[in-house]
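# Fold and geometry: a report
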Amino acid sequence: MRVSAAPSADRVTLEQLTEDPYTVYDRLRVIGPVVWAPQLDRFLVTGLDDCRFVEANEDLFEIEQEDSPLKRAMGEVMLSKNEPEHGVERAAVNPALRPKVIAEVWRAHFEANAARVLKRFRRLGPGADLNADFALPYAAMNLAAVVGLPDVPWTAVQRWSLAFIAEVANVQGDPRVSEANDIANAEADAAIDQRIAELAGSADPSMISMMLRAGLPPDLVRANAKLAISGGVNEPQHVLTSGVHALSRHPDQLASVRAGEYTFAQVFDEVVRWMPPIHTLMRQARVDVELNGVMVPAGSLVWILLGAANRDPRHFEQPDRFMVSRTRKPHLAFGSGPHICAGSWAARSSIAEVAWPLLYDELPGLAPVDDDARFHGFFFRGLPGLPVTWNSESDK
Ligand code: HEM
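Residues numbered from 1 in each chain as written. Predicted model: local features only at pLDDT ≥ 70, side-chain atom pairs only at ≥ 80, totals over all residues. Heavy atoms only, no water.

### A closer look at the coordination of the iron atom of the ligand
Inspection of the coordination sphere of the iron atom of the ligand shows a single protein donor, C341 (SG), at 2.3 Å. With respect to the element layout, C341 can be found in the loop between α15 (306–309) and α16 (344–362). (Donors = N, O, S within 2.8 Å, 3.2 Å for Na, K, Ca; no water. Helix = DSSP H or I, 4+ residues; strand = E, 2+ residues; numbered from the N terminus.)

This is the structure in structure tokens:
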């Protein structure tokens, strides 16, 4: 039996975290900063400083796990590796995703994709679902470009992404989920291999091309391209939609942004703090570690609760409130440490510099049709849909 000095949160379940994680986080904070959750067979860490400590200290908490769900879903991805292997692969993709490259290369793709998707969205007219009909195709098209699969239809990118994510979350081992994941892997591998062949002797600024240029072997190029597909579609999609939802609930803040008092970049920071699309990262204790006064025995699984850290009352005043006027402070929506998100600049540019300004300029009065949108999910959290309306006189 696992013995630990950690206080126990006996009743915390995955269902509760999926439905209403923030209520669970409040309960956990009262119990202690590091809590043992027997029903999840994991330690849960809620404080921003403790979460950051776990991520920063790979010698104590490793990312490699015996049965890594990431490896199961996509192969030998960098996000499943410790240093030094991780660093080699990360250095290979970074040149495709630096702010300068985003500004000089990818932003033009984002603008073209946004214009294309907006055209179709307008045709659907008021009542169209911002999440499904704008944010999703837009995020998938952007990702296809950045990864280096410009000829793959966005619907395929989306399908693969969902299949990979479902397998990562498939803790129950549902064989249908695994089967869909196998199909997605076969299709994505074939598309990536074709692109690798096309790129022979030439180069472009995409992630695939940069990985080839850095000398990564094809199996790692494939795995890491699939990692980006799994992590680069639904997160930007959810942030884009969550932002419109949040601003509609705070019309005064939207007005301040439209008046130029605050920027969409500030909106982006607050949206990802307030409602990060990823709520947990997994680590495993390498040795017996004392974390904030609690003994975490070697081999224990630990969940870093990003959603809780981003509302840590010791770091954020009135943490549950959405406030674009907040002074910018570090949060954990993109993680921290060696594995901090590689695509954060791409996401920021595509949403804050391109999509939101375009939507609010082109669809005057943009707002949800009704007020009953409800967030869902724990591993990945967002609004399942957001039907919106706007003054469509401007479309005629
Ligand atoms: C708002 C959108 C996004 C959010 C909130 C997000 C969040 C995250 C988080 C939390 C991690 C794990 C960090 C850690 O373990 O410390 C991560 C890793 C990663 N993300 Fe993102 N992500 C987003 C968009 C993207 C996009 C658009 C791409 C690709 C273009 C991308 C590519 C990656 C990659 C490759 C990793 C693995 C990094 C590594 O292991 O070194 N992400 N992301």
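And the narrative resumes.
### Points about the packing of aromatic side chains
Counted according to the given criterion, the structure contains 14 aromatic pairs. Between F268 and F334, the ring centres sit 6.1 Å apart and the planes meet at 15 degrees, which makes this aromatic pair stacked. Here F334 lies in the loop between α15 and α16 and F268 lies in helix α14 (residues 264–274), a separation of 66 residues in the sequence. Centre to centre, the rings of W274 and F375 are 5.8 Å apart; their planes meet at 85 degrees, and the pair counts as edge-to-face. Linking W274 in helix α14 with F375 in the loop between β8 (367–368) and β9 (388–389), this pair joins segments that are 101 residues apart in sequence. As far as burial versus exposure is concerned, W274 and F375 are alike and both buried. Through a chain of ring-to-ring contacts, three or more aromatic side chains come together here, namely F264, F268, F334, W356 and Y360. The ring of F316 has R273 sitting right over it, with the charged end atom 5.2 Å from the ring centre. (Phe/Tyr/Trp six-rings, centres within 6.5 Å; stacked < 30°, edge-to-face > 60°. Buried < 20%, exposed > 50% of the residue type's maximum accessible area, 1.4 Å probe, protein only. Lys NZ or Arg CZ within 6 Å of the ring centre and 35° of its normal.)

### Considerations on the nonpolar core
Counting residues in hydrophobic clusters, the biggest one holds 110 residues, and the most contacted among them are F134, W160, L240, W303 and W356. Of the residues forming this core, the biggest block, 13 residues, is contributed by helix α7 (residues 130–147). Aside from chain neighbours lying at most four places away, what touches F134 is A114, V117, L118, F121, D129, L240, A355 and L359. (Core = buried A, V, L, I, M, F, W, Y, C linked by side-chain atoms within 4.5 Å. Contact = heavy atoms within 4.5 Å.)

### Some details on the pattern of salt bridges
Across all of its chains, the model carries 24 salt bridges by this definition. E55 serves as the salt-bridge partner of R283, at 3.1 Å between the closest nitrogen and oxygen. Taken together, the residues R283 in strand β4 (residues 280–285) and E55 in helix α3 (residues 48–56) connect sequence positions 228 residues apart. Judged by its relative accessible area of 4%, R283 falls in the buried class. Where R222 meets D193, a salt bridge forms, and the shortest distance between an N and an O atom there is 2.7 Å. On the criterion of sequence distance, the pair formed by R222 in helix α11 (residues 218–231) and D193 in helix α9 (residues 175–198) is long-range, its members being 29 residues apart. Under the relative-accessibility criterion, R222 is labelled partly exposed at 21%. The class for D193 is partly exposed, based on a relative accessible area of 33%. Salt bridges linked by common partners bring R107, E111 and E353 together as one network. (Salt bridge = Lys/Arg side-chain N within 4 Å of Asp/Glu carboxyl O.)

### Observations concerning the packing of helix α6 (residues 99–124) against α7
Remark: α6 packs on α7, axes separated minimally by 9 Å, with the N-to-C direction vectors making an angle of 155 degrees. Judged on the interaxial angle alone, α7 and α6 are roughly antiparallel. As α6 runs across α7, the sense of the crossing is right-handed. Contacts between α6 and α7 involve W106, H109, F110, N113, A114, R116, V117, L118, R120, F121 and L124 from the first element and L130, D133, F134, P137, Y138, M141, N142, A145 and V146 from the second. Considering only residue class, the contact of α6 with α7 consists of 14 nonpolar, three polar and three charged. (Axes fitted to C-alpha atoms, helices over the stretch in contact; angles between N-to-C directions. Parallel < 35°, antiparallel > 145°, perpendicular 65-115°, else oblique. Left-handed = near helix turned anticlockwise from the far one by under 90°. Nonpolar A, V, L, I, M, F, W, Y, C, P; charged D, E, K, R; others polar.)

### Structural notes on the sheet that holds strand β3 (residues 61–62)
Spatially, the five strands line up as an open sheet ordered β1-β2-β7-β4-β3, and their pairing is mixed. A strand with exactly one partner marks an edge of an open sheet, and here the two such strands are β1 (34–37) and β3. Packed onto the sheet, α3 meets β1, β2 (42–45), β3, β4 and β7 (301–305) and runs at close to 130 degrees relative to β7. (Pairing = 2+ DSSP bridges.)

### Here we look at the environment of L301
Tracing the sequence through the fold places L301 in strand β7. In this structure, the C-alpha to C-alpha distance between L301 and E62, residues 239 residues apart in sequence, is 9.7 Å.

### Structural notes on the site of the ligand
In the vicinity of the ligand, 29 residues are found, and the nearest of them are E55, H86, R90, H339 and C341. With respect to the ligand, the side chain of R90 contributes an N or O atom lying 2.8 Å from an oxygen atom. A distance of 3.3 Å separates an oxygen atom of the ligand from a polar atom in the backbone of S336. Among the elements of the structure, α5 (85–97), α11, α12 (234–249) and β4 are those that each provide at least two residues to the shell around the ligand. Its residues assigned to classes, the shell around the ligand shows 18 nonpolar, seven polar and four charged. (Near = heavy atom within 4 Å. Polar contact = N/O pair within 3.5 Å; in protein donor to acceptor, adjacent residues only side chain to side chain.)

### Considerations on the pairing of β4
Burial analysis of β4 places six of its six residues in the buried class, which makes it a mostly covered element. Where burial is concerned, the two faces of β4 agree: the one with T280, M282 and Q284 and the one with L281, R283 and A285 are both buried. Here five bridges tie β4 to β7, and the two strands are oriented antiparallel to one another. In the strand pairing of β7, Q284 is matched with L301.

### What about helix α8 (residues 154–168)?
Taking 1.5 Å as the rise per residue, α8 with 15 residues should run 21 Å; its terminal C-alpha atoms sit 21 Å apart, in good agreement. Among the residues making up α8, those that are buried are A156, V157, Q158, W160, S161, A163, F164, I165, E167 and V168. Contacts made by the buried residues of α8 are with α4 (69–74), α7, α9, α11 and α12. (Expected span 1.5 Å × (residues − 1).)

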